[in-house]
Amino acid sequence: MNKTRQVLIFSLLSGLYLNQAAAESKLVSHDEKISIEKVGDLVLSEVTDSAINHAPEAIETEPVADHAEALAKKSRAWFAESPQINLGYQMDSLHKDEGYREFEAEVELPLWRLSQRNAFKSLAEQSASYAEILPSLTRLKVAGRVRESIWELAESRSQVELAKKELETSQKLEKTILRRVELGDRPTTDALLATQEVLEKQAALLTHQATLKESSHHYHHLTGLTQMPEKIKEELSPDADDKNHPFIAAASLLLEQARAKLKLQRNAARGQPSLNLNLRQEQDENGADDRDSLGIGFSLPIGSRKHSNPLITEAVREEAAAKAELFRLRHQVEAGLDKAQIELESVNKSIELSGQRMKIASQSSRLVKLAYESGESSLIELLRSQSIEFAAEREQSRLQIAQGRAISKINQSLGVMP
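Conventions we followed
Residues numbered from 1 in each chain as written. Predicted model: local features only at pLDDT ≥ 70, side-chain atom pairs only at ≥ 80, totals over all residues. Heavy atoms only, no water. Helix = DSSP H or I, 4+ residues; strand = E, 2+ residues; numbered from the N terminus. Buried < 20%, exposed > 50% of the residue type's maximum accessible area, 1.4 Å probe, protein only. Contact = heavy atoms within 4.5 Å. Pairing = 2+ DSSP bridges. Core = buried A, V, L, I, M, F, W, Y, C linked by side-chain atoms within 4.5 Å. Expected span 1.5 Å × (residues − 1). Bend = angle between axes of the 7 residues up to and from the residue. Polar contact = N/O pair within 3.5 Å; in protein donor to acceptor, adjacent residues only side chain to side chain. Axes fitted to C-alpha atoms, helices over the stretch in contact; angles between N-to-C directions. Left-handed = near helix turned anticlockwise from the far one by under 90°. Nonpolar A, V, L, I, M, F, W, Y, C, P; charged D, E, K, R; others polar. Salt bridge = Lys/Arg side-chain N within 4 Å of Asp/Glu carboxyl O. Phe/Tyr/Trp six-rings, centres within 6.5 Å; stacked < 30°, edge-to-face > 60°. Lys NZ or Arg CZ within 6 Å of the ring centre and 35° of its normal.

The next thing to look at is the overall build of the protein chain. A count of helices and strands for the protein chain gives 8 helices and 6 strands. Classification of the 418 residues of the protein chain by burial places 39% in the buried group. Put simply, of all contacts in the protein chain between residues at least 6 apart along the chain, 84% involve residues at least 24 apart.

With that settled, consider the pairing of strand S3 (residues 101-110). As paired elements, strand S2 (residues 84-91) and S3 share 8 bridges and run antiparallel to each other. Among the inter-strand pairings, Tyr-89 is bridged to a residue of S3, identified as Phe-103.

Counting 26 residues, the largest nonpolar core has Val-146, Ile-150, Tyr-219 and Met-228 as its most contacted members. Elements with a minimum of two residues in this core: helix H2 (44-52), helix H4 (114-182) and helix H5 (188-223). When residues of this core are assigned to their parent elements, the largest contribution, 9 residues, is made by H4. When residues no more than four places from it in sequence are discounted, the contact partners of Ile-150 are Leu-44, Tyr-219, Met-228, Pro-229 and Ile-232. With 12 residues, the next largest nonpolar core counts Ala-131, Ala-249, Ala-250 and Leu-253 among its residues.

Another point: H4. Given a rise of 1.5 Å per residue, 69 residues ought to cover 102 Å, and the 101 Å separating the end C-alpha atoms of H4 matches this to within 8%. Taking the largest bend as the criterion, H4 deviates by roughly 40 degrees, centred on Ile-133, and proline Pro-135 comes between one and four positions later. Gly-184 lies just past H4 and shows a positive phi near 80 degrees.

With that settled, consider the environment of Glu-234. Mapped onto the elements of the fold, Glu-234 is located in the loop between strand S4 (227-229) and helix H6 (246-268). Taking the C-alpha atoms as reference points, Glu-234 and Ser-408, 174 residues apart in sequence, are found 6.4 Å from one another. Excluding residues within four positions of it along the chain, Glu-234 makes contact with Leu-44, Arg-147, Ile-407, Ser-408 and Asn-411. Reaching out from Glu-234, the side chain makes a polar contact with the side chain of Arg-147 at a distance of 2.9 Å.

With that out of the way, let us pick up the packing of H2 against H4. Viewed as axis vectors pointing N to C, H2 and H4 meet at an angle of 115 degrees, and their least axial separation amounts to 9 Å. Crossing of H2 against H4: the hand is right-handed. Along the contact surface, H2 presents Leu-44, Ser-45, Val-47, Thr-48, Asp-49, Ala-51 and Ile-52, while H4 presents Arg-139, Val-142, Ala-143, Val-146, Arg-147 and Ile-150. For the contact of H2 with H4, the per-class residue count stands at 8 nonpolar, 2 polar and 3 charged.

Scanning the entire structure with this criterion turns up 22 salt bridges. Across the pair Glu-69 and Arg-76 runs a salt bridge, and its minimum N-O distance is 4.0 Å. For Glu-69, a relative accessible area of 39% corresponds to the partly exposed category. A salt bridge links Arg-147 to Glu-234, with the shortest nitrogen-to-oxygen separation between them at 2.9 Å. You can see Arg-147 sitting in helix H4 and its partner Glu-234 sitting in the loop between S4 and H6, a full 87 residues away along the chain. Look at Arg-147 and you get buried, because its relative accessible area is 4%.

A word on the packing of aromatic side chains. In total, this model carries 1 aromatic pair according to the counting rule given. Sitting over the ring of Tyr-372, Arg-186 keeps its end group 4.1 Å from the ring centre.

The structure is reproduced here in structure tokens:
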């Protein structure tokens with residue numbers, strides 16, 4: 001029996017090695033070991049705060065605010081563009097060379113059109129509003145990734161815990177069977193079957209441990225933490241107005257920005273008026289007295305559609321894109337909320353049925369075990385009943401995690417901040 005068992009173990013370990021290699025291929029390329037511990041006083045909002053510090057979206061917050069401030073300063077400026085100074089000097093040295101000289105200095109002051117200034121103020125206000133809401137938008141985006149990462153980690157931990165429990169149960173059964181086989185109470189095939197079951201559970205445990213390691217690394221890289229909240233299940237929030245949803249509010253502000261830019265381009269198509277102040281000094285031939293003069297002028301460009309239409313149509317295209325993005329986000333938020341609510345409703349119903357199924361599977365497994373010990377049932381039937389019990393426990397665990405994940409998805413779809 002021992003020789004047969006050794007042969008079987010060798011062949012099964014070969015398969016186990018392949019399973020382990022496949023499991024380890026799921027791991028990150030480096031060998032750094034990261035263990036995520038549960039901490040009772042750590043909450044989801046603190047994890048999100050830490051994740052924001054590692055989020056790429058946080059990079060644009062300050063530049064967006066600076067741009068909004070720059071627009072606001074320009075909207076308060078006296079002139080539409082920077083004033084321009086033009087200098088000129090003329091003489092007749094290349095012609096008659098009779099001493100004629102002329103010096104001219106001109107200041108050009110670009111003026112605001114009334115509608116242009118109003119459009120620029122509107123653009124500055126919308127940009128400032130977007131800069132104010134951007135931290136909330138960033139926080140919600142990061143919170144969505146944190147929520148999903150936490151539930152992935154929780155699911156991986158649960159799978160590892162159940163796999164360890166299944167392995168421990170199988171090892172206890174193998175130990176009992178080997179002792180009875182040695183006493184001649186059970187056939188050798190029972191020992192082989194029990195050993196095969198143990199090796200399969202070891203392979204399953206390795207696979208789940210690989211998944212847990214991958215989830216732990218992902219959580220660590222996302223948040224920079226090696227701890228996770230002990231309580232991760234959120235309270236289900238009531239329905240909220242989608243106008244206050246950060247995604248919708250931000251997209252609405254971007255649409256208003258695009259409309260303000262379109263108004264600016266249409267104003268720019270009419271040309272930029274300017275006020276010109278001119279100072280001229282002339283010296284006639286033969287050293288006559290200088291003549292000084294002061295002039296004032298006003299210029300009003302004539303806009304041409306050939307030159308302005310490309311810029312206007314580009315602004316129209318940007319407005320259409322912003323409007324389409326707003327519609328897309330509204331549909332995404334509504335669809336995500338509907339999907340999460342349906343998932344939660346389905347999971348709630350399934351949990352009750354799964355609990356009953358697990359109870360029946362546990363009772364059945366105990367009865368089959370008693371029957372096997374009394375010689376009224378085979379090992380195959382016992383292993384099958386254990387497998388059904390294990391599957392029921394895994395399903396119950398999966399549904400409990402799916403319930404918490406669905407609640408998090410609903411809160412995320414409603415724009416609820418952790």
